[in-house]
Protein chains: 2
Amino acid sequence: MDKEASGFNTKQTVAIVGLGLIGGSYARGLRRLGVDHIIAVDPDEKALQQAKQEGMVDDIYTAGTEALKQADLVIFCTAADVMIRFLAENKAFFTPGTILTDVAGIKGDTATAIAALLPEGVDFVPGHPMAGREGRGYAMASADIFNGANYILVPMEGNDEEHILAVKNMARALGCSHVVRVTPEDHDRFIAYTSSLPHVLATALVNSESMNTLTKYFVAGSFRDGTRVADINAPLWTKLFLSNKDNLLYEIDRFSAALQSFSTMLAEEDTKGMTRFLQQAAMRRRELVHETHSR
Amino acid sequence: MDKEASGFNTKQTVAIVGLGLIGGSYARGLRRLGVDHIIAVDPDEKALQQAKQEGMVDDIYTAGTEALKQADLVIFCTAADVMIRFLAENKAFFTPGTILTDVAGIKGDTATAIAALLPEGVDFVPGHPMAGREGRGYAMASADIFNGANYILVPMEGNDEEHILAVKNMARALGCSHVVRVTPEDHDRFIAYTSSLPHVLATALVNSESMNTLTKYFVAGSFRDGTRVADINAPLWTKLFLSNKDNLLYEIDRFSAALQSFSTMLAEEDTKGMTRFLQQAAMRRRELVHETHSR
């Protein structure tokens, strides 16, 4: 737990806006690190009370508050639109020198729009942990979600290097094994492959013409896993896909090329080629799991 | 628990060959139903002793045995090749009137080959539950794996209707919600879509040229779910895919058509079409989960 924790200043005030699963996990993680003063803001009074009783946070507020002026670091653990609204309504409470960061995967134009809302001297460093767990709400929060997780930083032009470092040090102190810094462009490229594409494949799998009323009797684990994320928020993801159109189209093409190469080998009964293809997949999957410490 | 259990005769001797996760689950389920006499055969003496001590089975043997002559029903809970070897080596112990069934998904030519091994009057009714759970071995066995699961019967020509009914009644008595009877041809068609295809998609996803050493930092739940089965037994699945080549090629084509239709809408920024596509996927996935009582 001490790795690079030395670089993280525990003698500071951290405000967490949004005390759900992720926000609560920050509170628990930061308290475990010994952070002096933690402020939580959330409309859910029950969550606030529970966190305070458990000693995970010190001061609790159900809405934007003057107390935010004390914060050295503010972590937004809300959806992007909630964060933007909160910033617009409470900008008077952010004072020069405060570092803001988020967990929403905000980047590019959106990040620039947010930065424009901020008072002079308040720096917003976009980022997000690649972490999470089943369930929702403060009750499910755990400091352990950061253990061995990756943390992605997507700094904006104009971000103070010291502020970027402060967020990075926090992530490492919380237990994240890698903090990756990428440009908004690279972020979008990677996410198209590792997040958007799997969602598209899952939806295409259930949307195959082969799906019929008998399918359900033959469904086993592989189909269930492969379609888990097909239960999708359609309007939201349509927007997300369109916002990253070119990268996603590119990834669909690359995936289709891999699928086609397998299909050709199968048609030609190329046993060796198929075995090699599957062996490569198995190896890559195993390495991935090994490296990400997940199943 | 009493639904159609009346159709299942508990006053009989059931032999379970292979007392692992699935075999053990049959033992537990059948004992719970009150089956009179359960014989278990497995090379793993520890598993046998544990099952006997728990009262789940009555007589235990580490190899083929004369005792099998007592069996009214024999359930093979082993891999197909183990079952075939066992049958060839122990056919003297199977007496006329005995019903054999399996869990290996044997069908078509393989089933016919197995039937040819059997003494006159011994009927082999191929079938398998669409059930399972994480882990392996008797210690992980549970009667609950059958609860609400589907059971697939793939009868052969020549199977006695009463024997098919006996296996069906057992499945229902164990708690399976649906027993589906299909021809070997239909079985292969369905399995190509619900099992082979998801495995191929998972392997193609990790085999995309986009996979690189940075991918791991951006992997989240959807990618993990979508590639779970990519860690595949390559020689085994190559054989499986080749044995069902035409159906699998057809399913890859149908999947590709669905993917292509989405890709075209994305390229054309057809927001309505995309939303409809995703909504349909979400609805189908939700219905599937609802109907299969799984996540």
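Structure: above.
What this report covers is the structure whose coordinates are included nearby. (Residues numbered from 1 in each chain as written. Chains lettered and ligands numbered in written order. Predicted model: local features only at pLDDT ≥ 70, side-chain atom pairs only at ≥ 80, totals over all residues. Heavy atoms only, no water.)

## Structural notes on the overall build of chain A
Then step 1. In terms of regular secondary structure, chain A is built from ten helices and nine strands.
Then step 2. Considering only residue pairs separated by 6 or more positions, chain A has 69% of its internal contacts joining residues 24 or more positions apart.
Then step 3. Per element, the accessible surface of chain A, about 12700 Å² overall, is 49% carbon and sulfur. (Helix = DSSP H or I, 4+ residues; strand = E, 2+ residues; numbered from the N terminus. Contact = heavy atoms within 4.5 Å. Areas by Shrake-Rupley, 256 points an atom, 1.4 Å probe, with all protein chains shown as cover.)

## Regarding unusual backbone geometry
Then step 1. A positive phi angle, close to 50°, is found at A:Glu269, a residue other than glycine.
Then step 2. Among the structural elements, A:Glu269 can be located in the loop between α9 (245-267) and α10 (271-292).

## With respect to the side chain of B:Asn244
All names here are of chain B.
Then step 1. Turning to its location among the elements, Asn244 is positioned in the loop between α8 (234-243) and α9 (245-267).
Then step 2. Overall, the relative accessible area of 10% leaves Asn244 in the buried class.
Then step 3. The contacts of Asn244, once residues within four sequence positions are left out, are Asp188 and Ala192. (Buried < 20%, exposed > 50% of the residue type's maximum accessible area, 1.4 Å probe, protein only.)

## Some thoughts on empty space enclosed by the protein
Then step 1. For the structure on display, the rule yields two cavities of 30 Å³ or more.
Then step 2. Computed from the structure, the largest cavity encloses a volume of approximately 160 Å³.
Then step 3. If you go around the largest cavity, you meet 18 residues; those closest to its centre are A:Leu201, A:Ala202, A:Gly226, B:Leu201 and B:Gly226.
Then step 4. Counting only elements with at least two residues in the lining of the largest cavity, the list comes to α6 (184-206) and α7 (221-227) of chain A together with α6 (184-206) and α7 (221-227) of chain B.
Then step 5. Its residues placed into classes, the lining of the largest cavity shows ten nonpolar, four polar and four charged. (1 Å grid on protein atoms, 1.4 Å probe; cavity = no way out; pocket = protein on both sides within 12 Å on 5 of 7 lines; lining within 4 Å. Points joined across faces, edges and corners; volume = space filled by probe spheres on them. Nonpolar A, V, L, I, M, F, W, Y, C, P; charged D, E, K, R; others polar.)

## Brief notes about the relation of the copies chain B and chain A
Then step 1. Each copy of the sequence occupies a distinct position, and chain B is placed on chain A by a rotation of 180° and an axial shift of 0.0 Å, giving an RMSD of 0.2 Å. In short, the pair behaves as if placed about a two-fold rotation axis.
Then step 2. The fraction of interface residues of chain B whose copies in chain A are also interface residues reaches 100%, indicating that both copies meet through the same surface. (Least-squares fit on C-alpha atoms with pLDDT ≥ 70 in both.)

## Regarding the pairing of strand β9 (residues 178-181) of chain B
All names here are of chain B.
Then step 1. In the sheet, strand β8 (residues 150-153) pairs with β9 via four bridges, with the strands oriented parallel. Across the sheet, residue Asn150 finds its bridge partner in β9, namely His178.
Then step 2. As a crossover connection, the stretch from β8 through helix α5 (residues 161-174) into β9 is right-handed. (Pairing = 2+ DSSP bridges. Right-handed = clockwise from strand over helix to strand, strands pointing away.)

## With respect to the interface of chain B and chain A
Note: interface size is frequently given as the accessible area lost on complex formation between the parts.
Then step 1. In this assembly, 84 residues from chain B lie in contact with 84 residues from chain A.
Then step 2. For the pair chain B and chain A, the interface holds eight salt bridges.
Then step 3. For A:Arg254, the salt bridge is made with B:Glu209, and the minimal N-O distance between the two is 3.9 Å.
Then step 4. Scanning the region where chain B abuts chain A turns up 32 residue pairs in polar contact (both at pLDDT 80 or more).
Then step 5. Breaking the side of chain B that touches chain A down by element, the ones donating at least two residues are β8, β9, α6, α7, α8, α9 and α10 (271-292) of chain B. (Salt bridge = Lys/Arg side-chain N within 4 Å of Asp/Glu carboxyl O. Polar contact = N/O pair within 3.5 Å; in protein donor to acceptor, adjacent residues only side chain to side chain.)

## A word on the environment of A:Ile106
All names here are of chain A.
Then step 1. Its place among the elements puts Ile106 in the loop between β5 (99-102) and α4 (108-117).
Then step 2. In this structure Ile106 comes out as buried when scored by relative accessible area, which is 7%.
Then step 3. In the structure, Ile106 is positioned 48 residues away from Val154 in sequence and 8.3 Å away in space, judged by C-alpha atoms.

## Considering the nonpolar core
For soluble globular proteins, the rule of thumb is that nonpolar side chains tend to be buried together.
Then step 1. Counting 64 residues, the largest nonpolar core has A:Phe241, A:Phe255, A:Phe262, B:Phe241, B:Phe255 and B:Phe262 as its most contacted members.
Then step 2. Residues contacting A:Phe255, with those up to four places away along its chain left out, are A:Leu197, A:Leu201, B:Leu201, B:Ala204, B:Leu205, B:Ser208, B:Phe255 and B:Leu259.
Then step 3. Among the nonpolar cores identified, the runner-up in size contains 37 residues, and B:Val35, B:Leu73, B:Ile75 and B:Ala171 belong to it. (Core = buried A, V, L, I, M, F, W, Y, C linked by side-chain atoms within 4.5 Å.)

## Focus: α9(A)
Then step 1. Compared with the 33 Å implied by 1.5 Å per residue over 23 residues, the 32 Å span of α9(A) between its first and last C-alpha is a close match.
Then step 2. Residues of α9(A) that are buried include every one of A:Lys245, A:Leu248, A:Leu249, A:Glu251, A:Ile252, A:Phe255, A:Ala258, A:Leu259, A:Phe262, A:Ser263, A:Met265 and A:Leu266, and no others. (Expected span 1.5 Å × (residues − 1).)

## Here we look at the packing of aromatic side chains
Ring pairs (aromatic) are described by centroid distance and by the angle formed between their planes.
Then step 1. Under the criterion given, the structure shown has 17 aromatic pairs over all chains.
Then step 2. Both rings, one in A:Phe76 and one in A:Phe86, keep their centres 5.8 Å apart while their planes meet at 70°; by these two values the pair is edge-to-face. Here A:Phe76, found in strand β4 (residues 73-76), pairs with A:Phe86, found in helix α3 (residues 80-90); they are ten residues apart in sequence, far enough to count as distant.
Then step 3. Between A:Tyr193 and B:Phe223 the ring centres are 5.2 Å apart and the planes differ by 70°, which places this aromatic pair in the edge-to-face class. With A:Tyr193 in helix α6 and B:Phe223 in helix α7, this residue pair bridges two chains. The same class applies to A:Tyr193 and to B:Phe223, which are both buried. (Phe/Tyr/Trp six-rings, centres within 6.5 Å; stacked < 30°, edge-to-face > 60°.)

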